[in-house]
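Each chain, letter by letter, is given below.
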Amino acid sequence: MNFIIFIVALLVIFILAYIVSNGKKKIKVRPILVMVALQLAFAFLLLNTEFGLFIIRGISSIFDHLLAFAAEGINFVFGGLANEGTFPFFMNVLLPIVFVSALIGIAQYIKLLPLIIRFLGLLLSRINGLGKLESFNGVASAIFGQSEVFISVKKLLPNIPEHRLYTMCTSAMSTVSASILGAYMTMIDPKYVVTALVLNLFGGFIIANIINPYEVTPEEDRIETLEERKQSFFEMLGEYILDGFKVAIIVGAMLIGFVALIGMVNGIFEGAFGITFQVALGYVFAPFAFLVGIPASEVIQAGTIMATKLLTNEFVAMIDLGNIASSLSDRTVGIISVFLVSFANFSSIGIISGAVKGLHEEKGNIVAKFGIKLLYGATLVSLLTAAITGIMLG
């Protein structure tokens, strides 16, 4: 039964992508099938094998140590503010982003990250049917995040056509930045964070190949990234530390606003209709929850969290999942978890278009124009990742 639901899910997701495709006759089936097969292989490896478990434990252990090191700095500055036995979200989940951001800066400074990005980008371009630039951008998005990644291709922005820009933005919205992986791992099982990170990278290319198919000529397929201004080590370190702190503050501010607004809307909705707004949305998303393999008895709760993520952000939804996880099956928690690990939400439209506009106003306006279609595609990527995970969880 699970296998039948999985096949139906794939068909529905691909049909939903095909409906809005701007080049139905240009769709290349072979790269799509190859990447779906790779998604299945990686999902099986990470979720169902001892080797995958070893990888997950290794990555999780690294982040456990990083969070412990981050706690030393946080306790030095904020020690004594928290009550004994409490879990202050800002200090324990968001502030470690500062330390991880500093490590990313160091890896960038010693030229380790550019080497990894170019190698993986070249590898992916051989199988995804897209150009080297799109492949490079997809890997870079998973490290730098949806806004910072465009700085690295600033020189090329004026000449990037709309169709290639859409694919690049889809990758940016479908993945998450490495600096916040540790924060996610304090809220959901690390194995689902790592699995989603890998599957979303391929998923972004799969959906883009259907919604936005095109050919790239060898003349067009060049990578000319922005050479960063030469900085001293400590100047760079200070910049990345401050950038990490800005991310933590921004996420914290958005959580305050979104959680408060949801509380108010839920109160108004419940007073008027006898049901909260989130539960109402749960009914709307319930068919999609069932489609990706969530048991029928839990689709309303799962749909509610999926809708919350789309309307607000993944942090709000992860908090909600944590509150009800004990009442859900392990299968449902796993499927929802991977769905949540992406930037696919309405606020990301403004973040990405704003980031591009800050570098090139005309291109930023183009991104804003296809913003809803961008969110549509990135949400299909999350559904595809959830469906792949669902069939692997048995």
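Because the structure is a prediction, the values reported are computed rather than measured.

I'd like a description of the UniProt feature "transmembrane region" (unreviewed entry) in the chain, backed by residues and values.
When the UniProt feature table is mapped onto this chain numbering, "transmembrane region" (unreviewed entry) sits at residues 6-21, 33-56, 89-110, 192-211, 245-265, 272-294, 333-353 and 374-393. Counting secondary structure, residues 245-265 comes out at 100% helix and 0% strand; the distance between its end C-alpha atoms is 30 Å. A helix fraction of 76% and a strand fraction of 0% characterise residues 333-353, whose end C-alpha atoms lie 32 Å from each other.

So what's going on with the packing of aromatic side chains? Which residues, and what values?
Counted by the stated rule, this structure contains eight aromatic pairs. Seen in terms of ring centroids, Phe42 and Phe202 are 5.8 Å apart; in terms of plane orientation they differ by 25°. Their pairing is stacked. Of the two residues, Phe42 is situated in helix α2 (residues 29-48) and Phe202 in helix α10 (residues 190-211); the sequence distance between them amounts to 160 residues. Its relative accessible area of 7% is what places Phe202 among the buried residues. Ring plane angle 70° and centroid distance 5.2 Å describe the contact between Phe269 and Phe277, whose orientation is recorded as edge-to-face. Note on Phe269: relative accessible area 23%, which makes it partly exposed. The exposure class assigned to Phe277 is partly exposed, which follows from its relative accessible area of 29%. The ring centre of Tyr18 lies 5.5 Å from the NZ or CZ of Lys24, which sits over that ring. Directly above the ring of Phe339 sits Lys309, whose terminal nitrogen or CZ lies 5.2 Å from the centroid.

Break down a nonpolar patch on the surface for me, with residues and values.
A surface patch of nonpolar side chains, about 820 Å² in accessible area, is lined by Met1, Phe3, Ile4, Ile7, Val8, Leu11, Ile15 and Ile19. Turning to its location among the elements, Ile4 is positioned in helix α1 (residues 2-19).

Go over the pattern of salt bridges, please, and point to the residues and values.
Across all of its chains, the model carries three salt bridges by this definition. Its salt-bridge partner being Glu215, residue Lys28 comes within 3.8 Å of it at the nearest N-O pair. Pair noted here: Lys28 is in the loop between α1 and α2 and Glu215 is in the loop between α10 and α11 (233-273), with a separation of 187 residues, a long-range link. Across the pair Arg164 and Glu134 runs a salt bridge, and its minimum N-O distance is 2.6 Å.

Tell me about the nonpolar core, and name the residues and values.
In terms of nonpolar packing, the biggest core is built from 123 residues, with Tyr184, Phe315 and Ile352 touching the most fellow members. Per-element tally for this core: the top contributor is α10, with twelve residues. Ignoring sequence-local partners within four residues, the contact set of Tyr184 consists of Val176, Val193, Glu314, Phe315, Met318, Val341 and Phe343.

Go over helix α12 (residues 277-291), please, and point to the residues and values.
The first and last C-alpha atoms of α12 sit 22 Å apart over 15 residues, in line with the 21 Å expected at 1.5 Å per residue. Of all the bends found along α12, the most pronounced is centred on Phe285 and spans about 50°, while Pro287, a proline, follows it within four residues. Along α12, the residues that are buried comprise Gln278, Leu281, Gly282, Phe285, Ala286, Ala289 and Leu291. Summarising the contacts, the buried residues of α12 are in contact with α1, α11, α13 (299-311) and α14 (314-324). Of the residues flanking the end of α12, it is Gly293, one or two places downstream, whose phi is positive at about 105°.

I'd like to hear about the packing of α14 against helix α15 (residues 330-340), residue by residue, with values.
α15 packs onto α14 with a crossing angle of 165° between their chain directions and a minimal axis gap of 10 Å. Put simply, α14 runs roughly antiparallel to α15. For α14 against α15, the interelement crossing comes out left-handed. For the pair formed by α14 and α15, the contact residues are Glu314, Ala317, Met318 and Leu321 on the first element and Val333, Ile336, Ser337 and Leu340 on the second. Along the lines of polarity and charge, the residues of the contact of α14 with α15 split into six nonpolar, one polar and one charged.

Residues and numbers for the packing of helix α16 (residues 346-359) against helix α18 (residues 371-392), please.
Running from N to C, α16 and α18 cross one another at 120°; their axes reach a closest spacing of 9 Å. With respect to α18, the axis of α16 lies oblique. In the crossing of α16 with α18, the sense of the turn from one axis to the other is right-handed. The residues of α18 that touch α16, namely those facing Phe346, Ile349 and Ile352, are Gly371, Ile372, Leu374 and Leu375. Along the lines of polarity and charge, the residues of the contact of α16 with α18 split into six nonpolar, one polar and no charged.

What counts and how
Residues numbered from 1 in each chain as written. Predicted model: local features only at pLDDT ≥ 70, side-chain atom pairs only at ≥ 80, totals over all residues. Heavy atoms only, no water. UniProt positions renumbered as here; feature names shortened; annotations may be inferred. Helix = DSSP H or I, 4+ residues; strand = E, 2+ residues; numbered from the N terminus. Phe/Tyr/Trp six-rings, centres within 6.5 Å; stacked < 30°, edge-to-face > 60°. Buried < 20%, exposed > 50% of the residue type's maximum accessible area, 1.4 Å probe, protein only. Lys NZ or Arg CZ within 6 Å of the ring centre and 35° of its normal. Patch = residues over 30% accessible without salt bridge, like charges linked within 9 Å, V, L, I, M, F, W, Y side chains within 5 Å. Areas by Shrake-Rupley, 256 points an atom, 1.4 Å probe, with all protein chains shown as cover. Salt bridge = Lys/Arg side-chain N within 4 Å of Asp/Glu carboxyl O. Core = buried A, V, L, I, M, F, W, Y, C linked by side-chain atoms within 4.5 Å. Contact = heavy atoms within 4.5 Å. Expected span 1.5 Å × (residues − 1). Bend = angle between axes of the 7 residues up to and from the residue. Axes fitted to C-alpha atoms, helices over the stretch in contact; angles between N-to-C directions. Parallel < 35°, antiparallel > 145°, perpendicular 65-115°, else oblique. Left-handed = near helix turned anticlockwise from the far one by under 90°. Nonpolar A, V, L, I, M, F, W, Y, C, P; charged D, E, K, R; others polar.

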